[in-house]
Amino acid sequence: MSSILSWPLRVLGFWAWYAKEFAVANSSVIKDVVTPGNDATPCIARYECVSLTEGFYTLIAALITVTPGTLVVGAGETTDKGVRVMYVHGLYHDSADALRADLRDMETRMLKGLMIHPELNEEAQP
(Lines give C-alpha, C1' and ligand atoms only; values in the text may rest on other atoms or scores of the structure.)
Protein backbone atom coordinates (compact mmCIF):
# COMPACT_ATOMS: atom_id res chain seq x y z
CA MET A 1 0.00 0.00 0.00
CA SER A 2 2.77 2.48 0.86
CA SER A 3 4.38 1.93 -2.55
CA ILE A 4 1.17 3.06 -4.25
CA LEU A 5 0.95 6.16 -2.07
CA SER A 6 4.58 7.11 -2.64
CA TRP A 7 4.47 6.45 -6.39
CA PRO A 8 3.71 10.04 -7.52
CA LEU A 9 6.61 11.38 -5.45
CA ARG A 10 8.93 8.67 -6.74
CA VAL A 11 7.97 9.48 -10.34
CA LEU A 12 8.67 13.18 -9.80
CA GLY A 13 11.92 12.36 -8.01
CA PHE A 14 13.16 10.18 -10.85
CA TRP A 15 12.35 12.73 -13.55
CA ALA A 16 13.99 15.51 -11.51
CA TRP A 17 17.13 13.35 -11.14
CA TYR A 18 17.09 12.53 -14.86
CA ALA A 19 16.68 16.22 -15.81
CA LYS A 20 19.75 17.03 -13.71
CA GLU A 21 21.77 14.23 -15.32
CA PHE A 22 20.60 15.34 -18.77
CA ALA A 23 21.77 18.91 -18.06
CA VAL A 24 25.16 17.70 -16.78
CA ALA A 25 25.63 15.49 -19.86
CA ASN A 26 24.67 18.39 -22.15
CA SER A 27 27.20 20.67 -20.48
CA SER A 28 29.95 18.06 -20.88
CA VAL A 29 29.27 17.64 -24.58
CA ILE A 30 28.94 21.40 -25.18
CA LYS A 31 32.17 22.08 -23.29
CA ASP A 32 33.96 19.47 -25.38
CA VAL A 33 32.64 20.99 -28.61
CA VAL A 34 33.41 24.65 -27.90
CA THR A 35 36.82 24.28 -26.21
CA PRO A 36 40.09 23.23 -27.82
CA GLY A 37 41.11 19.63 -27.35
CA ASN A 38 39.04 16.58 -26.67
CA ASP A 39 38.01 15.22 -23.25
CA ALA A 40 36.19 12.20 -24.67
CA THR A 41 37.22 8.72 -23.57
CA PRO A 42 34.86 6.61 -25.69
CA CYS A 43 34.04 3.01 -24.85
CA ILE A 44 31.40 0.40 -25.57
CA ALA A 45 29.93 -1.75 -22.81
CA ARG A 46 27.80 -4.87 -22.85
CA TYR A 47 25.01 -4.09 -20.40
CA GLU A 48 22.67 -6.68 -18.89
CA CYS A 49 19.38 -5.00 -18.05
CA VAL A 50 17.35 -5.81 -14.97
CA SER A 51 14.08 -4.54 -16.46
CA LEU A 52 11.60 -7.39 -16.67
CA THR A 53 9.14 -5.93 -19.16
CA GLU A 54 9.48 -4.81 -22.77
CA GLY A 55 8.19 -1.38 -21.79
CA PHE A 56 10.86 -0.72 -19.19
CA TYR A 57 13.57 -2.22 -21.43
CA THR A 58 12.49 0.14 -24.21
CA LEU A 59 12.32 3.10 -21.84
CA ILE A 60 15.84 2.57 -20.45
CA ALA A 61 17.16 2.21 -24.01
CA ALA A 62 15.43 5.47 -24.98
CA LEU A 63 16.70 7.31 -21.89
CA ILE A 64 20.24 6.15 -22.60
CA THR A 65 20.02 7.18 -26.25
CA VAL A 66 18.58 10.67 -25.67
CA THR A 67 21.16 11.44 -22.98
CA PRO A 68 24.01 13.32 -24.66
CA GLY A 69 27.22 11.29 -24.79
CA THR A 70 25.56 7.86 -24.67
CA LEU A 71 23.94 5.73 -27.33
CA VAL A 72 22.48 2.24 -27.48
CA VAL A 73 24.23 0.76 -30.50
CA GLY A 74 22.56 -2.62 -30.45
CA ALA A 75 20.56 -5.22 -28.60
CA GLY A 76 22.12 -8.57 -27.90
CA GLU A 77 20.61 -11.96 -27.39
CA THR A 78 18.70 -12.60 -24.20
CA THR A 79 20.85 -14.70 -21.86
CA ASP A 80 19.95 -18.20 -20.69
CA LYS A 81 18.69 -16.60 -17.45
CA GLY A 82 16.27 -14.41 -19.41
CA VAL A 83 18.31 -11.22 -18.97
CA ARG A 84 18.09 -8.75 -21.85
CA VAL A 85 21.40 -7.41 -23.17
CA MET A 86 22.21 -4.14 -24.91
CA TYR A 87 25.44 -2.61 -26.15
CA VAL A 88 25.98 1.02 -25.14
CA HIS A 89 28.52 3.55 -26.42
CA GLY A 90 29.61 6.18 -23.90
CA LEU A 91 31.82 9.20 -24.57
CA TYR A 92 32.97 10.17 -21.08
CA HIS A 93 33.71 7.02 -19.08
CA ASP A 94 37.14 5.78 -18.10
CA SER A 95 36.17 2.15 -18.67
CA ALA A 96 33.34 -0.12 -19.70
CA ASP A 97 32.86 -0.99 -16.01
CA ALA A 98 32.35 2.69 -15.15
CA LEU A 99 29.81 3.00 -17.96
CA ARG A 100 27.99 -0.13 -16.77
CA ALA A 101 27.87 1.27 -13.21
CA ASP A 102 26.27 4.51 -14.43
CA LEU A 103 23.78 2.56 -16.56
CA ARG A 104 22.86 0.33 -13.61
CA ASP A 105 22.33 3.43 -11.45
CA MET A 106 20.04 4.98 -14.08
CA GLU A 107 18.04 1.79 -14.56
CA THR A 108 17.68 1.17 -10.82
CA ARG A 109 16.47 4.73 -10.26
CA MET A 110 14.07 4.42 -13.19
CA LEU A 111 12.55 1.19 -11.89
CA LYS A 112 12.24 2.43 -8.30
CA GLY A 113 10.73 5.68 -9.51
CA LEU A 114 8.31 4.47 -12.16
CA MET A 115 7.16 1.03 -11.01
CA ILE A 116 4.14 1.05 -8.72
CA HIS A 117 5.58 -1.99 -6.92
CA PRO A 118 9.39 -1.82 -7.46
CA GLU A 119 9.93 -4.66 -4.99
CA LEU A 120 8.43 -7.06 -7.56
CA ASN A 121 11.31 -6.40 -9.95
CA GLU A 122 13.88 -6.97 -7.18
CA GLU A 123 12.34 -10.29 -6.13
CA ALA A 124 12.35 -11.65 -9.68
CA GLN A 125 16.03 -10.93 -10.41
CA PRO A 126 18.27 -13.92 -11.17
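Residues numbered from 1 in each chain as written. Predicted model: local features only at pLDDT ≥ 70, side-chain atom pairs only at ≥ 80, totals over all residues. Heavy atoms only, no water.

**Some thoughts on the sheet that holds strand β2 (residues 70-76)**
Thought 1: Taken in spatial order, the three strands of this open sheet run β1-β3-β2, and their pairing is antiparallel. Edge strands, defined here as strands with exactly one partner in the open sheet, are β1 (43-48) and β2. Direction aside, neighbouring strands of the sheet carry axes that sit 25° apart on average.
Thought 2: Bridging between β2 and strand β3 (residues 85-90) involves six bridges; their strand directions are antiparallel. (Pairing = 2+ DSSP bridges. Helix = DSSP H or I, 4+ residues; strand = E, 2+ residues; numbered from the N terminus. Axes fitted to C-alpha atoms, helices over the stretch in contact; angles between N-to-C directions.)

**Here we look at the packing of aromatic side chains**
Thought 1: A complete count under the given rule lists five aromatic pairs for this structure.
Thought 2: Seen from their ring centres, Trp-15 and Tyr-18 are 6.0 Å apart, and the 85° between their planes marks the pair as edge-to-face. One end of the pair is Trp-15 and the other is Tyr-18, both in helix α1 (residues 2-34) and three residues apart, which spans about a single turn.
Thought 3: Look at Tyr-18 and you get buried, because its relative accessible area is 7%.
Thought 4: When the centroid spacing of 6.1 Å and the interplanar angle of 40° are considered together, the rings of Tyr-18 and Phe-22 count as tilted. Pair noted here: Tyr-18 and Phe-22 are both in helix α1, with a separation of four residues, about one helical turn.
Thought 5: Take Phe-22: its relative accessible area is 30%, and that puts it in the partly exposed class.
Thought 6: Through pairs of rings, three or more aromatic residues link up here, namely Phe-14, Trp-15, Trp-17, Tyr-18 and Phe-22.
Thought 7: Sitting over the ring of Tyr-57, Arg-84 keeps its end group 5.7 Å from the ring centre. (Phe/Tyr/Trp six-rings, centres within 6.5 Å; stacked < 30°, edge-to-face > 60°. Buried < 20%, exposed > 50% of the residue type's maximum accessible area, 1.4 Å probe, protein only. Lys NZ or Arg CZ within 6 Å of the ring centre and 35° of its normal.)

**Some remarks on the environment of Pro-8**
Thought 1: Along the chain, Pro-8 turns up in helix α1.
Thought 2: By relative accessible area, which is 43% here, Pro-8 ends up partly exposed.
Thought 3: Remark: the alpha-carbon pair of Pro-8 and Ala-23, spanning 15 residues in sequence, is separated by 23 Å.

**So, the packing of helix α2 (residues 54-66) against helix α3 (residues 96-114)**
Thought 1: Look at α2 against α3: their axes get within 11 Å of each other, and the N-to-C directions meet at 130°. Between α2 and α3, the angle falls in the class oblique. Seen along the crossing, α2 lies across α3 with a hand that is right-handed. Seen from α2, the contacting residues are Phe-56, Leu-59, Ile-60, Leu-63 and Ile-64; seen from α3, they are Leu-103, Met-106, Glu-107, Met-110, Leu-111 and Leu-114. (Parallel < 35°, antiparallel > 145°, perpendicular 65-115°, else oblique. Left-handed = near helix turned anticlockwise from the far one by under 90°. Contact = heavy atoms within 4.5 Å.)

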